[in-house]
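Tertiary structure, described
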Amino acid sequence: MLQIIILAATALLVGIDQLTKWLAVEYLQEGEPFPIIDGVFELLLHKNPGAAFGLFERQRWLFMGITVVVIVVLAAILMSGKYRQYRLVNLSGTLIIAGGIGNMIDRVRLGHVIDFLYFRLINFPIFNFADCCVVIGALLLLIFFFFIYNEDKNGLDKKAGRRDKAALESAESAAAEETRDAGATDIGAGEGKDGSEA
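Only a predicted model underlies this, so the values are computations on that prediction, with no experimental measurement involved. (Residues numbered from 1 in each chain as written. Predicted model: local features only at pLDDT ≥ 70, side-chain atom pairs only at ≥ 80, totals over all residues. Heavy atoms only, no water.)

1. So, the confidence of the model for the protein
The condition that has to hold: Think of pLDDT as the predictor's per-residue confidence, scored from 0 to 100. The helix and strand labels rest on DSSP assignments: H or I over at least four residues marks a helix, E over at least two residues marks a strand, and numbering proceeds from the N terminus.
Scored by pLDDT, the protein has a mean of 80; 70% of the residues are at 70 or more. The weakest mean pLDDT in the protein belongs to helix α4 (residues 129-197) at 65; the strongest belongs to helix α1 (residues 2-27) at 95.

2. Regarding the sheet that holds strand β1 (residues 34-37)
This is how it is decided: Any two strands with at least two DSSP-identified bridges between them are counted as paired. Each axis is a line fitted through C-alpha atoms, and for a helix only the stretch in contact is used; angles between axes span 0 to 180 degrees, taken between their N-to-C directions.
Strands sit in the order β1-β2-β3 across an open sheet of three strands; the sheet is antiparallel. Two strands in the sheet have a free side with no partner beyond their single neighbour: β1 and β3 (113-119). Put simply, the sheet's adjacent strands are angled 35° from each other on average, direction ignored. Here six bridges tie strand β2 (residues 41-48) to β3, and the two strands are oriented antiparallel to one another. Opposite N48, over in β3, you have V113 as the bridge partner.

3. Observations concerning the packing of α1 against helix α3 (residues 87-110)
Short version of the rule: Should an angle fall under 35 degrees it is taken as roughly parallel, and over 145 as roughly antiparallel, whereas 65 to 115 is taken as roughly perpendicular and any remaining angle as oblique. Left-handed describes a crossing in which the near helix is turned anticlockwise from the far one by less than a right angle; the clockwise case is right-handed. The criterion used for residue contact is that any of the two residues' heavy atoms lie within 4.5 Å. Each residue is assigned to one of three groups, with Ala, Val, Leu, Ile, Met, Phe, Trp, Tyr, Cys and Pro labelled nonpolar, Asp, Glu, Lys and Arg labelled charged, and all others, Gly among them, labelled polar.
It is the contact of α1 with α3, at a shortest axis distance of 9 Å, that shows an interaxial angle of 40°. As judged from the angle between their axes, α1 and α3 are oblique. Of the two possible hands of crossing, α1 and α3 adopt the one that is right-handed. Across from L2, I6, A9, T10, L13, V14, D17, Q18 and K21 in α1, the residues of α3 making contact are N90, T94, L95, I97, A98, I101, G102, N103, I105, D106 and R109. When the residues that make up the contact of α1 with α3 are grouped by side-chain class, the tally is ten nonpolar, six polar and four charged.

4. Details of the pattern of salt bridges
Where we set the bar: We count a salt bridge whenever a side-chain nitrogen from Lys or Arg sits within 4 Å of a carboxyl oxygen from Asp or Glu.
Taken as a whole and assessed by the stated rule, the structure comprises three salt bridges. The residue K21 makes a salt bridge to D17 at a minimum N-O spacing of 2.9 Å. Of this pair, K21 and D17 both sit in helix α1, separated by four residues, roughly a single helical turn. In this structure, K21 and D106 form a salt bridge, with 2.9 Å as the shortest nitrogen-oxygen distance.

5. What about the environment of L13?
The topology assignment puts L13 in helix α1. Taking C-alpha positions, L13 is 7.7 Å from G99, a pair spaced 86 residues apart along the chain. Non-local contacts of L13, meaning those with residues more than four positions away in its chain, are made with T94, L95, A98, F129 and C133.

6. Re the pairing of β1
In terms of strand pairing, β1 meets β2 through three bridges, oriented antiparallel. Among the inter-strand pairings, I37 is bridged to a residue of β2, identified as F41. Adjacent in sequence and paired antiparallel, β1 and β2 are bridged by three residues, among which G39 carries a positive phi angle near 80°.

7. Considerations on the nonpolar core
For the record, the criterion: As used in this record, nonpolar core signifies buried Ala, Val, Leu, Ile, Met, Phe, Trp, Tyr and Cys residues forming a set joined through side-chain atoms within 4.5 Å. Relative accessible area decides the class of each residue, using a 1.4 Å probe on protein chains only: under 20% of the type maximum gives buried, over 50% gives exposed, and in between gives partly exposed.
L78, Y83, Y86, V89, I97 and F144 are the most contacted members of the largest nonpolar core, which has 13 residues in total. Within the residue set of this core, elements represented by two or more residues are α1, α2 (60-80), α3 and α4. Among the elements that take part in this core, α3 stands out by supplying four residues, more than any other. Among all residues touching L78, those that are not within four sequence positions of it are I6, V89, N90, G93, T94 and I97. Counting eight residues, the second largest nonpolar core, distinct from the first, contains L28, F41, L117 and F127.

Right, here's the structure in full:
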């Protein structure tokens, strides 16, 4: 069931990404901004031949190869159910996979990626919905491994330590009880022998 949800969510995110890019191409003119918040945020069509946020241009095949490897590895992990109990891993993995597929479709189909979201206030590189998915997914994954997973692991180690300590104390208690019983038996046997000699 989890695998079906992951596949459906991935398909939905890829669909949203491709729809927003189609709308950008249809209704925006390259180089002509469409302000959403004047001076802060705007829609600006840009054909990006590089990686996310316009980095490393003209490295199409390199990033396609990296994207395929990341998608395959993450998909294998999610489909295995190893982290089934961790919703954050499933969410972050789904976001990264969907973002990777969304941009890879552009590279294969167009030879470049359609970007159209631009924060003019800070002159941030133009990006798209798929980039958002990848970045948010990566941040969530880092949060999980640096904070949540380590805490859970330490918690399990502490529980295991408490169980081992309790088992050891129980064994020591049982051993002490047996020693007392053996001593009482020896004393009883000695008293019986003295009585019979008398």
